[in-house]
Amino acid sequence: MSLAPRAADLPDPGLAAFGQDPWWVILLKAVFIFVILVLLTLFNIWFERRVVARMQHRVGPNVHGPFGLLQSLADGVKLALKEDIIPKSADKVVFLLAPVIAVVPAFVTWAVIPLGPEVNFFGHTTPLQLTDMPVAVLFMLAIASIGIYGIVLGGWSSGSTYSLLGGLRSSAQMISYEVAMGLALVAVFLYAGSMSTSEIVAAQDRLWFGLILLPSFVIYVISMVGETNRAPFDLPEAEGELVGGFHTEYSSLKFALFFLAEYINLATVSAIATTLFLGGWAAPWGIENVWEGANSGYWPLLWFFGKVFCFIFLFVWLRGSLPRMRYDQFMALGWKVLIPVSLAWIVAVATIRVISLEGNINRTYLVAAIAVLLVLTVALMFVGEKDRAEGEAGGASATGSSEEPHDAFAGGFPVPPMPAGGAVRGAAAPLTFATGRTTVTAAAEESHE
């Protein structure tokens, strides 16, 4: 007895291999994915600490276990044994549910990611994929969007202003970059002719979409870094501005769940990029010509996770190399650069596909013309930003040279004006209240003595 509809009832005949598994195979697949993600998280934490340590000429974790591999497990045990604190002003129900809402979608997304071809799984032939559907990529985007609620609710339910600001900044950031991420995937749908993950992998048997659709690949890579709140886009966790971001008030296992969600999302976006742009579980180009069994059996797991680790190394490399961006620059990059370029690229890809199917125009000239238009579009964006910055700088210098007093409230912002003589140095003036009480600063007390 199966838990899914029959293959004959599926709207896409390419998905006939799914929906035929008995319940115990589905259960074992789900457990297999869960164990892989937990072990992958433990390894990724150790890997990140070791790589960043090498980049900073340090040793990194090397005590617990061989090469320090058990350090992440020790940290997890430490988090579990720490005191669990719930703030008095927190909404306890939402405060407890928020980490769960953040971590569950990270696991669920892997249900439609193909890890390999059909294999002999305990005597039963089945694909190395939990399930698939005609709109699997849209399913992944929808599930990933649910994780935003966990972050927002975690910041709101803490009863802390800083946590709330961190949650709001994170939600604005993730929503903004999900738009660019979704637009980057439209070109993949146009070329693959399907939204099924297994069929998208099959459509890359000759050439990976990361090469054919290079602008979409670049936009997706930038968007996935912003989507996962990783450096240099880890603005919700800006320690100098917001103490610790949306999870400031969390401790013990609840904080560990947020930590787990971040690293699983790190692997999830890497797996999606591997599936949609780097051929999924297929062996790199040339290996299949030398070794006929490279894409059969359980060997494709090696190629799949090898590509995933390349993306994870990219995440770690960015964290160890780049400083954190300013928030307005980060949001401007998403809304003013990535999204317009994505829209222009989608129009170009759709035009190329239509002309390719009809065959009326030479594709070489068409691709060259579209490339020139894209370069001009990007150049005009940066030129506009530069001209505006120079105009603002010129206006500021002209205002500074003028003898007219500066009105701090001219722009409508509630910023009090600076003192006439500039910034005050030394101790602040004493504060006198209506009742006659006076608050004297420490410097004033010393001068009085």
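Residues numbered from 1 in each chain as written. Predicted model: local features only at pLDDT ≥ 70, side-chain atom pairs only at ≥ 80, totals over all residues. Heavy atoms only, no water.

**What about the overall build of the chain?**
In terms of regular secondary structure, the chain is built from 15 helices and four strands. Within the chain, buried positions represent 42% of all 449 residues. For the chain, the exposed surface amounts to about 24,500 Å²; the carbon and sulfur share of it is 68%. (Helix = DSSP H or I, 4+ residues; strand = E, 2+ residues; numbered from the N terminus. Buried < 20%, exposed > 50% of the residue type's maximum accessible area, 1.4 Å probe, protein only. Areas by Shrake-Rupley, 256 points an atom, 1.4 Å probe, with all protein chains shown as cover.)

**Description of the environment of Ile200**
Here Ile200 lies in helix H6 (residues 197–202). The buried category is assigned to Ile200, whose relative accessible area is 0%. Distance in space between the C-alpha atoms of Ile200 and Phe189 is 8.0 Å, their sequence separation being eleven residues. Excluding residues within four positions of it along the chain, Ile200 makes contact with Val137, Val188, Phe189, Ala192, Ser194, Met195, Phe209, Thr275 and Leu276. (Contact = heavy atoms within 4.5 Å.)

**Side note on the confidence of the model for the chain**
Taken residue by residue, the chain gives an average pLDDT of 81. The fraction at 70 or more is 77%. Ignoring residues within four places in sequence, the model shows residues 1–11, a span with pLDDT below 50, making 20 contacts including any to other chains. Overall, residues 440–446 carries pLDDT values under 50, and its contacts beyond four positions in sequence, including any with other chains, amount to four contacts. (pLDDT = per-residue confidence, 0-100.)

**A look at the side chain of Ser158**
On the secondary structure map, Ser158 appears in the loop between helix H4 (136–157) and helix H5 (161–192). Judged by its relative accessible area of 1%, Ser158 falls in the buried class. The contact partners of Ser158, leaving out residues within four places of it in the chain, are Pro87, Ser89, Ala90, Phe95, Ser163, Phe246, Glu249 and Tyr250.

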